[in-house]
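Here are the chains, one letter per residue:
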Amino acid sequence: MKEKLVLVGNGMAGVRTLEELLKIAPDMYDITVFGAEPYGNYNRIMLSPVLAGEKTINDIILNDRQWYAELNITLHTGKVIARIDRRQRKVMADDGTEAAYDRLLLATGSNPFIIPVPGCDLPGVIGFRDIRDVHTMLDTARSFKHAVVIGGGLLGLEAANGLKLQGMNVTVVHLTDTLMERQLDKVAGQLLQKSLEERGLHFLLATQTEAILGEDRVKGVRFKGGLEIASDLVVMAAGIRPNTLLAKQAGIHCERGIVVNDTLQTYDPRIYAVGECVQHRGQTYGLVAPLFEQAKVCANHLARYGIGRYEGSVTSTKLKVTGIELFSAGDFQGDETTENIVMKDASRGVYKKLVLKDNRIHGAVMYGDTVDGAWYFQLLRDGTDISDFRHTLMFGQAHLGDAGHGGKNAAAAMSDDMEVCGCNGVSKGDIVRAITSKGLFTLDDVRMHTKASASCGSCTGLVEQILASTVGDYSVSTKVRPLCKCTDHPHNHVRKAIHEQHLTSIRAVMDFLEWKSPDGCSSCRPALNYYCLATWPAEARDDPQSRFINERVHANIQKDGTYSVVPRMWGGVTTPNELRAIADVADKFRIPTVKVTGGQRIDLLGVKKEDLPAVWADLNNAGMVSGHAYGKSLRTVKTCVGSEWCRFGTQDSTGLGIRLEQKTWGSWMPHKFKMAVSGCPRNCAEATIKDFGVVCVDSGYELHVGGNGGVKVRATDLLCKVTTPGQVEEYCYAFIQLYREEAHYLERTAPWIERVGLSYVKEKVVEDAGTRLALAGRFRESQRHFQHDPWATEVEERRENYLPIKKLG
Amino acid sequence: MSDWIEIGHINDIPRQGARVVNTPQGDIGIFRTAEDELFALRDSCPHKGGSLSQGIVHGRRVTCPLHNWHIELTTGEAVAPDQGCAAVYPIRIDGGRISISLPLQINQAV
Ligand code: SRM
Ligand SMILES: Cc1cc2nc3c(=O)[nH]c(=O)nc-3n(C[C@H](O)[C@H](O)[C@H](O)COP(=O)(O)OP(=O)(O)OC[C@H]3O[C@@H](n4cnc5c(N)ncnc54)[C@H](O)[C@@H]3O)c2cc1C
Ligand code: SF4
Ligand code: FES
């Protein structure tokens, strides 16, 4: 017999837990759900847009009754659980329905706090919590004129805005003198108040409610000091209280909320609790992102995986009033230990404040322009040291060099047929449809279902905005991302384990870290293969089956299944003989296209797979080796003509580039790695958008790192200046090795440096000669094992792999 | 029913890898999993015709090399949320020798 799981509370956190559970353990439990509300499961967040007339109730249903039926979940709607019998392990509803449980999940949410003033129980006094409240407001707006909203926080303002849009005359009463003082500082609060007043809302700040007037329904409100105003509706939005009644009656330990541990268990280990009703490490939450994290951990524990732990969340806030941009996160007030960076442009209505402590973002408030909110929030959660880009921090992420088509604040204004993802041809309409019809919540979900932002990622910002404007504010708050779905460990843990436990094969890593799938997937295997090779070059054995096709066959696959072949051309310099050999190969194998690449090499495109070994053999015979145009490896070193020919050249840039390429080719990297050497600051080899670039000057060599062209252009940072070619080599190897040892797989130098900070890289490569020498030494050692031509090896050892196993007909 | 055609030995196919059989009706990928199970699928991804035999094999799935769709080797179905199906052919192994069976019209062409 299956074990019985009973869920009390058919809301966002509880049902999310079931969804997570069914994903990983679909057949483990017989599930019964009790919900006090007479509906399936809906998106509570979207009640605000429903009230504002921008959505209908139908738009916001997440799981209808059919969903429960299809999954064999017994659903009792409109039934309030009145009692838990922990001894006999069953719950009882107010209508007498009973259900026995082996495990019980409480997700009872919270209740609006109704201020206990005289008249607070009159008809017409409501909270803003569920569909019924919204119906009451919409009905009242049809026949009455005046509304008072008590509470100028998020909920109160969204209620007030909605009621105003429904044609009511709305006054917001607030106890302190700043709106949303838990999210905004004074300046931002005032800007917000001003724009809401322009929309016709009235405010009574620093005002305390004394009584609600009326006999058989609300007629007005009286405040301390005697002021009275007429009102037909009073919405109490003065806070929420975790709904602990049921748990308390059952003798489960509660403080402000139901107290749970890191696996979301209450003091009775058979009883779990998630959502707004819980108190975890002293903290209660009123936003969905943390609840979803709890749901995941709880499901994990219910499925007896027992590996996940919930460790609390940092949250950020947005106000869902269309046309008002507002963002806040963390500690935005600051104290004597913090510093502020503030920007205010009153006529544009823009205000931003960043609170810093020890060169880390501690809090942020933004008003009017919130494009960078997600970025600041990320820096805050990751605790990133921002000293390297502190001078441009306030100008946002775009200022770090985003010339690509990153997300502008335009999602809402876009029409449905406008293309969002240029790689996969996904329009805004496609994304919105997928989100609403499939009930998607996270960026990952959208990527999976629509492919939007799943390729180059430059539209990620835009997709996130569409997500936010379609489902409400679902900012994710995961701190560490696991490497892939096969594990809960992030990249860093995996690299550390490989190093410390001396793991030299993919199998060993998977066994040691208890991988969840038998032989991994196409995301983790290539990463693990690289990590093992980079950490243990002498011992780890390459696993070709865990490489992407291009690296497995040492050529780039094309859309028609043919391949391209790019021979190495050291520093971009060639000879008549090489060119003749290339021409001969192209003729002999009828290669349709010969093209000069953006990396100063020659590309032979349209080679049949079975011809590859023969093509390589001919190129090898003419002295050419693989150009690795296909690999997460050293790609090309671009050079300019330099002092040998150019009238401006200060050093032999061509010779230096060739030497660098000859020393570094063949090395595997976390991502592709490109270099360039320019002979003078005119920089014809574009060294300042390379992973490692050298700009020759009269007195020596400037070394630049962390640049790339591509999706998101980033100009390099200056690492340091050196005086001899020998030094250039040593610094170059040390830099490469640091990147090889520490970056995440598929992380190019630009994002890696932004993550760890330029100072960190300087500390290892420039400031400490000992570390530099050791790094360079490890690179040379690694090259002893990897610097061989893969083409020659393939021709010799695996030629037949390129042929069909059999030809029929 | 149709005849079995021998196409090679299991050792000719790398574990977690694939080889191709050319047929007049198009290529067929022969896949070998980590557990030495064998599968035969039309070597054309339901998305945009990518050559599935060039993908990464994991569990009983292969990831298409062109745009990362995951395809079930047992059924040829794309893993949700993607939708589409690559044809599956009967395959058997006898003392290490692999045979596949083709639909009738191809057999006649052989
Ligand atoms: C052949 C070439 C285009 C050309 O005809 O000129 C090319 C072709 C491809 N590039 Fe590129 N890139 C080529 C130079 C560049 C350059 C210019 C350069 O190297 O100076 C850039 C911008 C500079 C840079 O990388 O910083 C460039 C930025 C990209 C990117 C974006 C990288 C990024 O970090 O944003 C990708 C996508 C990726 O790697 O994930 C990419 C990926 C690709 C791939 C490998 C796409 C793929 O996975 O199939 C293309 C392979 C086609 C093929 O089979 O040859 N290619 N690509 C160039 C080969 C250079 C070489 O000789 O090795
Ligand atoms: C108008 C509004 C706007 C919001 N906007 C945002 C936003 O923009 N961003 C954000 O992150 N969050 C927002 N929130 C907060 C978010 O909706 C909540 O954090 C979330 O819904 C809490 O989920 P929960 O499952 O804990 O509680 P709920 O979703 O409230 O679910 C609890 C359910 O349990 C039922 N229940 C309680 N007791 C019993 C019982 N004894 N027996 C049976 N059933 C019972 C209740 O009826 C309710 O249906 C908003 C909330 C509201 C009301
Ligand atoms: S060669 Fe580069 S820019 Fe051109 S289509 Fe391919 S990936 Fe895009
Ligand atoms: S062709 Fe296979 S995923 Fe696109």
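Residues numbered from 1 in each chain as written. Chains lettered and ligands numbered in written order. Predicted model: local features only at pLDDT ≥ 70, side-chain atom pairs only at ≥ 80, totals over all residues. Heavy atoms only, no water.

1. Thoughts on the interface of chain A and chain B
The criterion, for reference: Contacts are residue-level and defined by heavy atoms, with any inter-residue pair within 4.5 Å sufficient. Two parts placed together each lose some accessible area under a 1.4 Å probe, and the buried area is that loss summed for both. Throughout this description, the term salt bridge denotes a Lys or Arg side-chain nitrogen within 4 Å of a carboxyl oxygen of Asp or Glu. Put simply, DSSP H or I for four residues or longer makes a helix, DSSP E for two residues or longer makes a strand, and each gets a number counted from the N terminus. Three classes are used, and their members are as follows: Ala, Val, Leu, Ile, Met, Phe, Trp, Tyr, Cys and Pro are nonpolar, Asp, Glu, Lys and Arg are charged, and the others, Gly among them, are polar. For two strands to count as paired, DSSP must find a minimum of two bridges between them.
In this assembly, 30 residues from chain A lie in contact with 34 residues from chain B. Of the roughly 2500 Å² buried between chain A and chain B on both sides combined, carbon and sulfur atoms contribute 56%. A per-residue breakdown of the area chain A buries against chain B is headed by Gln545(A), Ile805(A) and Leu808(A), which together make up 29% of the total. At the junction of chain A and chain B, the tally comes to zero salt bridges. Where the side of chain A that touches chain B is concerned, the elements lending two or more residues are helix H12 (443–450), helix H16 (524–535), helix H17 (549–553) and strand E39 (806–807) of chain A. Each residue belonging to the side of chain A that touches chain B can be placed in one class, and the counts come to 11 nonpolar, eight polar and 11 charged. Across two bridges, E39(A) lies against strand E2 (residues 17–22) of chain B in parallel orientation. If you follow Lys807(A) over to E2(B), its bridge partner there is Asn22(B).

2. Comments concerning the site of ligand 1
Residues and elements named next belong to chain A. Using the following cut-off: Here, proximity means that at least one heavy atom of the residue falls within 4 Å of the molecule or strand. Here a polar contact is recorded for every N or O atom pair within 3.5 Å, except that within protein the pair must consist of a potential hydrogen donor and a potential acceptor, and residues adjacent in sequence are included only if both atoms are side-chain atoms.
Taken together, the neighbourhood of ligand 1 is formed by 21 residues, with Gln558, Thr597, Gly598, Lys672 and Gly709 sitting nearest. A distance of 2.8 Å is found between an oxygen atom of ligand 1 and a side-chain nitrogen or oxygen belonging to Lys595. In the model, an oxygen atom of ligand 1 is placed 2.6 Å from a nitrogen or oxygen of the Lys672 side chain. For the shell around ligand 1, the class distribution of residues is two nonpolar, 11 polar and eight charged.

3. Quick notes on the pairing of strand E18 (residues 233–236) of chain A
All names here are of chain A. Stated precisely, the cut-off is as follows: Residue exposure (1.4 Å probe, protein chains only): buried if accessible area is under 20% of the type maximum, exposed if over 50%, otherwise partly exposed.
Burial of the side chains of E18 extends over both faces: Leu233 and Val235 are buried on one face and Val234 and Met236 on the other. Across two bridges, strand E11 (residues 125–126) lies against E18 in parallel orientation. By the bridge assignment, Val125 is partnered in E18 with Val234.

4. A short note on the domain arrangement of chain A
You'll often see interface size given as the accessible area lost when the parts meet. Filter applied, for reference: Domain extents, as shown, originate in an automatic or database domain assignment.
As far as domains go, chain A holds domain 1 (3–110 + 242–302), domain 2 (125–238), domain 3 (338–471), domain 4 (491–547), domain 5 (550–621) and domain 6 (634–786). Inter-centroid distance (C-alpha atoms) of domain 4 of chain A to domain 5 of chain A is 32 Å.

5. Quick look at a nonpolar patch on the surface
All names here are of chain A. The condition that has to hold: Residues form patches when they are more than 30% accessible in relative terms and have no salt bridge. Like charges link within 9 Å. Nonpolar side chains (Val, Leu, Ile, Met, Phe, Trp, Tyr) link within 5 Å. Surface exposure here means Shrake-Rupley accessible area, sampled with a 1.4 Å probe, where a residue is shielded only by the protein chains that are shown.
A surface patch of nonpolar side chains, amounting to about 270 Å² of accessible area, comprises Ile24, Tyr305 and Ile307. Take Tyr305: it is sitting in the loop between helix H8 (288–302) and strand E23 (316–318). Judged by relative accessible area, Tyr305 falls into the partly exposed class, the value being 41%.

6. Points about the site of ligand 2
Residues and elements named next belong to chain A. Close to ligand 2 lie 33 residues; Ala13, Glu37, Arg129, Glu276 and Lys320 are nearest. Ala107 places a polar main-chain atom, nitrogen or oxygen, 3.5 Å from an oxygen atom of ligand 2. Here the shell around ligand 2 gets three residues from one element, more than from any other, and that element is helix H1 (residues 12–24). The residue inventory of the shell around ligand 2, partitioned by class, reads 14 nonpolar, 11 polar and eight charged. Domain assignment of the residues forming the shell around ligand 2 places at least three in each of domain 1 (3–110 + 242–302) and domain 2 (125–238).

7. A short note on the sheet that holds strand E6 (residues 61–63) of chain B
Residue and element names in this part refer to chain B. Threshold: Orientation is described by axes fitted as lines to C-alpha atoms, over the contacting stretch for helices, and by angles from 0 to 180 degrees between their N-to-C directions.
Overall, antiparallel pairing links the three strands, which are arranged E5-E6-E7 in an open sheet. The open sheet has two edge strands with one neighbour each: strand E5 (56–58) and strand E7 (70–72). Adjacent strand axes in the sheet meet at a mean angle of 25° when their direction is disregarded. Across three bridges, E6 lies against E7 in antiparallel orientation. Residue pairing across strands places Val62 opposite Ile71, the latter belonging to E7.

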